[in-house]
Amino acid sequence: MQRGSLNDLRALVAVGHERSFTKAAAKLGVSQSALSQTIRQLETRLGVRLLTRTTRSVSLTEAGERVVRTVGPRFEEIEAELAAVSELREKPAGTIRITATEYATASILMPKLAKILREHPDIKIEIITDYGLTDIVTERYDAGVRSGEQVAKDMIAVRIGPDMRMAVVGTPSYFRTRPEPKKPQDLLEHNCINLRLPTHGNVYAWEFERGSRELRVRVEGQLTFNGTEQLLDAALSGLGLAYVPEGMVQGHIDKGRLKRVLADWCPPYSGYHLFYPSRRQSSAAFSLVVDALRYRT
């Protein structure tokens, strides 16, 4: 293999991930023209086109996809090993990127990670709010947070919270003019506040279960948001029914600001888990984060 081949492949992987010469060049610390020349030289050496370029976009050809899919994870493994070696020093350091929902961040991540951040100033944590089933390897996250049922089988999963329940809630003033739903299908007659997921722009279908029966109800309403905090605010304003984690609304229920319905259709389910690839090398900083988040009964 020629001396520059590894750097050329790294350049292709960067363009493939970013789908942009501008972003990839900035990430690699080179000029766009130099990056373009590197890719052209690699294509010439391999004798096959790796990228399809237009004035507005850059995409991988079938050959390019194959190279990036095969080579990309190996570069990530090398980088992870080097990061682990560099952190074999007195103070754990580095940036940990985590994808999680708003409620998981507020109820679990921030309370548990506060001590780590105070005690280890060289550790940085980046949390990205996301309600989709993000591919953390492709998106280059160190870990993700989802309920146990949503974690892929090939991931390492660490429980970080207790079992959870969902809750359908509305204000007493809302129910003064509408009958309380007795079964999930009754929600079709109510003004429900929807949550839009990032995956293909889908609106989340409310999930219910009682005994052996499982139902998914696509509700209708005047309001749709892409975050649960907005769902709660709208419900507290009397603008409709919200379907949110029980822990988010229990205080409002206890104080009479919200009323819960269909509780018998919302059984407990596996709580939040931190998950990450099995091949990920545990740096000192990452190990501290995992241990801090681990759920202990």
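Keep in mind that what you see is a predicted model, and the values were worked out from it rather than measured.

A. Broad picture of the sheet that holds strand β4 (residues 123-129). Across the sheet, five strands lie side by side as β4-β3-β5-β14-β6; this open sheet has mixed pairing. Single-partner strands in this sheet number two, and they are β4 and β6 (155-159). Averaged over all adjacent pairs, the angle separating strand axes in this sheet is 30°, with direction ignored. Two strands pair when backbone bridges link them, and β6 and strand β14 (residues 272-277) are joined in this way by five bridges, in the antiparallel orientation. Pairing of R159 across the sheet is with H273, part of β14. Packed on one face of the sheet, helix α5 (residues 102-119) meets β3 (94-100), β4, β5 (143-147) and β14 and runs near 175° to β4.

B. Summary view of the nonpolar core. With 55 residues, the main nonpolar core has V145, V168, L187, W206, F208 and L274 as its most contacted residues. For this core, the leading source of residues is α5, giving six residues. If we ignore the near neighbours within four places in the chain, the residues touching V145 are I98, T99, A100, A104, L109, I160, Y272, H273, L274 and F275. Within the second largest apolar cluster, 20 residues are counted, among which are A11, A14, L60 and V71.

C. The arrangement of the sheet that holds strand β13 (residues 259-261) in detail. Judged by pairing direction, the sheet is antiparallel, and its three strands sit side by side in the order β12-β7-β13 without closing on themselves. Of all strands in the sheet, those bounded by a partner on one side alone are β12 (242-245) and β13. Across the sheet, the mean angle separating the axes of adjacent strands is 50° when strand polarity is ignored. Two elements, strand β7 (residues 166-170) and β12, share four bridges in a ladder whose sense is antiparallel. Directly across from A167, in β12, lies its bridge partner V244.

D. Inspection of helix α3 (residues 32-46) at higher detail. The terminal C-alpha atoms of α3, which comprises 15 residues, lie 21 Å apart, in line with the 21 Å expected from a rise of 1.5 Å per residue. Of the surrounding secondary structure, the elements contacted by the buried residues of α3 are α1 (5-18), α2 (21-28) and β1 (51-53).

E. Region of the structure containing the pattern of salt bridges. All chains considered together, the criterion is met by 15 salt bridges. Linking E119 and K115 is a salt bridge whose minimum nitrogen-to-oxygen distance equals 3.9 Å. Of the two residues, E119 and K115 both sit in helix α5, four residues apart, roughly one turn of that helix. Of the charged contacts in the structure, one is a salt bridge between D130 and R146, with a shortest N-O distance of 4.0 Å. Within this pair, whereas D130 is found in the loop between β4 and β5, its partner R146 is found in strand β5, the two being separated by 16 residues in sequence. We note that D130, like R146, is buried.

F. Here's a closer look at the packing of aromatic side chains. Considering all chains together, one arrives at six aromatic pairs under this definition. Taking the centre distance of 5.4 Å and the plane angle of 85° together, the rings of Y174 and F175 count as edge-to-face. Pair check on accessibility: Y174 and F175 agree, each one buried. An aromatic cluster is present here, built from Y204, W206, F208 and Y243 joined pairwise through their rings.

G. A look at the pairing of strand β9 (residues 206-210). Here five bridges tie β9 to strand β10 (residues 213-217), and the two strands are oriented antiparallel to one another. Following the sheet pairing, E207 is matched in β10 by R216. Hairpin connection between β9 and β10: a loop of two residues separates the two successive antiparallel strands, and G211 in this loop has a positive phi of roughly 65°.

Cut-offs used in this document
Residues numbered from 1 in each chain as written. Predicted model: local features only at pLDDT ≥ 70, side-chain atom pairs only at ≥ 80, totals over all residues. Heavy atoms only, no water. Pairing = 2+ DSSP bridges. Helix = DSSP H or I, 4+ residues; strand = E, 2+ residues; numbered from the N terminus. Axes fitted to C-alpha atoms, helices over the stretch in contact; angles between N-to-C directions. Contact = heavy atoms within 4.5 Å. Core = buried A, V, L, I, M, F, W, Y, C linked by side-chain atoms within 4.5 Å. Buried < 20%, exposed > 50% of the residue type's maximum accessible area, 1.4 Å probe, protein only. Expected span 1.5 Å × (residues − 1). Salt bridge = Lys/Arg side-chain N within 4 Å of Asp/Glu carboxyl O. Phe/Tyr/Trp six-rings, centres within 6.5 Å; stacked < 30°, edge-to-face > 60°.

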